[in-house]
Amino acid sequence: LDKRPQDAIAIARKLQQQRPKEAVGYALEGEVFAGRRQWEPALAAFREEFSRNKSTGTAIRVHATMTVAGPASAAEAFAAQWLRERPKDAAFLAHLGNLDMEAGRFAPAEQRFRAVLALVPDNATALNNLAWVLVKQNKPGSVEHARRATALAPSQPAFMDTLAAALAAGGDLPGAI
């Protein structure tokens, strides 16, 4: 698909014709355009997918594409509407937290990950990410969250790295090593 995107688009559009009520053809088309960083046609395809399948995964694709396609206000309005309709969507909240964390907006990311954990207390990724944003903000509690994350998913190098960073930030350099 990477080397022949026009063929992939043709296949996607054929799927759309064969299965007009299904989302799969639009998802494929959106992924091809997104892979080529053609955000406007990717967003148009993902919106069509969303009109046929209002799942969390589809909402995340639409929102993520809106975030890079702009304007930011449209992405924010979409996210706000989704959360008004589905306030307990932990996966969408985690998606928003990840975007905040990647952008260095650690306070909002902290709020998002705490909301995820209120809904899914044993979510190892949310625990790890909360620990990370607490470290970045020099706030207490990072070690406890990082320890829980590594206990839930002991073989995750990223989680062990977060635990080491939390221990180091707390002054436990031997533990961090």
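Relevant structure appears above.
So, a few notes on the structure that sits alongside this text. Worth saying up front: this structure is predicted, and the values here are computed from it rather than measured.

**Digging into the overall build of the protein chain**
Phase 1: For the protein chain, the count of helices and strands is eleven helices and zero strands.
Phase 2: Taken from the N to the C terminus, the helices and strands of the protein chain come in the order α-α-α-α-α-α-α-α-α-α-α.
Phase 3: C-alpha atoms of the protein chain, sized along the principal axes, occupy 60 × 35 × 25 Å.
Phase 4: The buried share among the 177 residues of the protein chain stands at 40%.
Phase 5: Put simply, of all contacts in the protein chain between residues at least 6 apart along the chain, 39% involve residues at least 24 apart.
Phase 6: Accessible surface, the protein chain as shown: approximately 9900 Å² in total, 54% of it carbon and sulfur.
Phase 7: Measuring between centres, the 22 positive side-chain charges of the protein chain sit 4 Å from its 18 negative side-chain charges.

**Considering the pattern of salt bridges**
Phase 1: Taken as a whole and judged by the stated rule, the model has eleven salt bridges.
Phase 2: Residues joined in a network through salt bridges with shared partners are D100, R105 and R112.

**Considering the packing of helix α2 (residues 24-35) against helix α3 (residues 39-52)**
Phase 1: Remark: α2 packs on α3, axes separated minimally by 8 Å, with the N-to-C direction vectors making an angle of 160°. Comparing their axes, α3 and α2 come out roughly antiparallel. Crossing of α2 over α3 shows left-handed handedness. In this structure, α2 contributes Y26, A27, E29, G30, E31, F33 and A34 to the contact, and α3 contributes W39, P41, A42, A45, F46, E48, E49 and R52.
Phase 2: Classifying every residue of the contact of α2 with α3 by side-chain character gives nine nonpolar, one polar and five charged.

**Some remarks on the side chain of T162**
Phase 1: Relative to the elements of secondary structure, T162 occurs in helix α10 (residues 157-169).
Phase 2: Reaching out from T162, the side chain makes a polar contact with the side chain of N128 at a distance of 2.8 Å.
Phase 3: The contacts of T162, once residues within four sequence positions are left out, are N128, A131, W132 and A146.

**So, the packing of aromatic side chains**
Phase 1: Using the criterion set out here, one finds three aromatic pairs in the structure.
Phase 2: When the ring of F50 is compared with that of W82, the centres are 5.8 Å apart and the planes differ by 55°; the resulting orientation is tilted. With F50 in helix α3 and W82 in helix α5 (residues 72-85), this pair connects stretches of sequence that are 32 residues apart.
Phase 3: Classification of W82 by relative accessible area gives buried; the value is 3%.
Phase 4: On the numbers, 5.9 Å between centres and 45° between planes, the contact of W82 with F92 is tilted. Within this pair, whereas W82 is found in helix α5, its partner F92 is found in helix α6 (residues 90-102), the two being separated by ten residues in sequence.

Parameters at a glance
- Just so you know, the residues in each chain are numbered from 1, in the order the chain's sequence is written.
- Side-chain atom pairs in this predicted model are given and counted only at pLDDT of 80 or more, local residue features only at pLDDT of at least 70, and totals for whole chains, interfaces and linings cover all residues.
- Remark: hydrogens and water are excluded; side-chain values derive from all non-hydrogen atoms of the structure.
- Only DSSP runs of H or I with at least four residues qualify as helices, and only runs of E with at least two residues qualify as strands; both kinds are numbered from the N terminus onward.
- Burial classification: accessible surface area is computed with a 1.4 Å probe over protein chains only, and a residue below 20% of its type maximum counts as buried, one above 50% as exposed, and the rest as partly exposed.
- Here, residues are in contact when the closest pair of their heavy atoms is within 4.5 Å.
- Accessible areas in this description were obtained via Shrake-Rupley with a 1.4 Å probe; residue shielding takes into account the shown protein chains only.
- Neither His nor the chain termini are counted; the positive set is Lys and Arg, and the negative set is Asp and Glu.
- By convention, charge coordinates are those of NZ in Lys, CZ in Arg, CG in Asp, or CD in Glu.
- The working definition used for a salt bridge is a side-chain nitrogen of Lys or Arg within 4 Å of a carboxyl oxygen of Asp or Glu.
- To define axes, lines are fitted to C-alpha atoms, for helices over the stretch in contact only, and angles between the resulting N-to-C directions are given on a 0 to 180 degree scale.
- Note that the term roughly parallel is reserved for angles under 35 degrees, roughly antiparallel for angles over 145, roughly perpendicular for angles of 65 to 115, and oblique for everything else.
- Crossing chirality is assigned from the near helix's rotation relative to the far helix, an anticlockwise turn below a right angle marking it left-handed and a clockwise turn marking it right-handed.
- Residue classes follow a fixed rule: Ala, Val, Leu, Ile, Met, Phe, Trp, Tyr, Cys and Pro count as nonpolar, while Asp, Glu, Lys and Arg count as charged, and any other residue, Gly among them, counts as polar.
- Two N or O atoms count as a polar contact when they lie within 3.5 Å, although within protein this holds only if one can serve as hydrogen donor and the other as acceptor, and sequence-adjacent residues are included solely when both atoms are side-chain atoms.
- In this analysis, rings of Phe, Tyr and Trp, with Trp reduced to its six-membered ring, are considered paired at centre separations within 6.5 Å, and the interplanar angle assigns stacked below 30 degrees, edge-to-face beyond 60, and tilted for intermediate values.

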